Amino acid sequence: MQHPAAAEYTYASHVCYEKSSIVKNSAWDLSQYNALSFWDFCSLQFHEAIVSAKHPFHIATVSTISSNGDPRSRSVVLRHFDSNTHEIAFHTDIRSPKLKDLRNCRTACLHWYNPALRVQIRLIASATAHHQDSRAEQAWHASRTTSRACYGTPSPPGTTMTQFPAAPTIPDLDDHSGYAHFVVVVCHFEELDVLALHASGHQRVLLSLKHDKVSWSIIAP
Ligand SMILES: Cc1cc2nc3c(=O)[nH]c(=O)nc-3n(C[C@H](O)[C@H](O)[C@H](O)COP(=O)(O)O)c2cc1C
């Protein structure tokens with residue numbers, strides 16, 4: 001049986017991503033785009049990454065700064081993307097160290113690298129934690145019971161234990177006891193740094209969403 005935490009992290013694996021024609025397993029050629037069409041392309045990728053666990057960007061590395069100034073990175077599952085507001089969101093436990101970091105400094109860095117595509121994406125975001133508000137409530141109701149199981153555990157993430165814990169029990173649909181720990185972290189960003197590796201010459205752009213008109217700069221890789 002699958003560990004509920006594994007289900008939490010791969011819950012969208014039922015989506016037949018292989019059938020999608022959006023991402024081909026070849027490097028991105030940025031010279032095919034202008035700033036706007038590239039933003040549309042990236043938006044499509046993020047939308048796909050939300051719904052499919054097999055999408056190369058379904059898992060992001062999120063880095064935060066701890067109160068003593070140390071950087072800390074970890075993997076998270078992308079849960080929501082909004083191309084109009086430039087927001088990307090993940091779910092976490094309010095008791096987790098990353099939430100403490102974000103209380104101390106709300107700036108986070110999100111990073112993806114896909115070796116098959118040979119593409120790296122990086123963005124700096126301002127993170128907002130939604131806990132027990134309408135956004136959290138909506139996301140909680142949309143989440144699966146296998147995902148909710150992770151939030152009902154008695155030991156906060158990072159607690160020292162004497163042995164590996166048993167898989168948390170999957171709660172009934174009307175069991176909302178994990179909701180107290182459930183947080184939606186919404187990351188607002190205004191720039192994307194995209195690097196595509198090519199033997200013929202690497203391509204790197206800084207895509208800016210700061211103004212009404214999407215713009216980009218080609219930068220040295
Ligand atoms: C593939 C994968 C996906 C993960 N997704 C999440 C997630 O969406 N939310 C989360 O809080 N932790 C997730 N984790 C666990 C975190 O990476 C991390 O170990 C845990 O949340 C504790 O992080 P912290 O101590 O930095 O707060 C995931 C781990 C892996 C390996």
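Every value quoted in this text rests on a predicted model; they were computed, and no experiment measured them.

*Asks:* Where do I start with the overall build of the chain in this structure?
*Replies:* Looking only at helices and strands, the chain has 5 helices and 10 strands in total. Counting only residues that meet the buried cut, the chain has 26% of its 221 residues in that class. Taking the intrachain contacts of the chain between residues at least 6 apart in sequence as the baseline, contacts between residues at least 24 apart amount to 64%.

*Asks:* It is not clear to me how the site of the ligand should be interpreted in this structure. Could you clarify?
*Replies:* Around the ligand there are 16 residues in total, and R74, V77, T92, S96 and K98 lie nearest to it. Mapped by element, the contributors of at least two residues to the shell around the ligand are β2 (71–77), β4 (87–93) and α3 (97–104). No other element matches β2, which puts 5 residues into the shell around the ligand.

*Asks:* Got a minute to help me understand helix α2 (residues 35–51) in this structure?
*Replies:* Owing to its 3.6 residues per turn, the α-helix aligns residues three or four sequence positions apart on the same side. Relative to the 24 Å expected for 17 residues at 1.5 Å per residue, α2 spans 25 Å between its end C-alpha atoms, a close match to the ideal helical length. Within α2, the full set of buried residues consists of W39, Q45, F46, E48 and A49. Buried residues belonging to α2 abut β3 (80–82), β4 and β9 (203–208).

*Asks:* Looking at this model, I keep getting lost on the environment of I170. Mind explaining?
*Replies:* In this fold, I170 is placed in the loop between α5 (145–148) and β7 (182–189). On the basis of neighbour count, I170 is assigned to the partly exposed category, with 17 C-beta atoms found within 10 Å. Expressed as a C-alpha distance, the spacing of I170 and G152, which sit 18 residues apart in the sequence, is 9.2 Å.

*Asks:* What should I look at first to understand the environment of R79 in this one?
*Replies:* Tracing the backbone through its elements, the reader meets R79 in the loop between β2 and β3. Accessibility expressed as a C-beta count within 10 Å gives 20 for R79, which makes it buried. Taking the C-alpha atoms as reference points, R79 and V185, 106 residues apart in sequence, are found 9.6 Å from one another. Contacts of R79, omitting those with residues within four sequence positions, involve I50, A89, F90, H91 and A139.

Rules behind the numbers
Residues numbered from 1 in each chain as written. Predicted model: local features only at pLDDT ≥ 70, side-chain atom pairs only at ≥ 80, totals over all residues. Helix = DSSP H or I, 4+ residues; strand = E, 2+ residues; numbered from the N terminus. Buried ≥ 20, exposed ≤ 12 C-beta atoms within 10 Å, placed from the backbone. Contact = placed C-beta atoms within 7 Å. Near = placed C-beta within 6 Å. Expected span 1.5 Å × (residues − 1).

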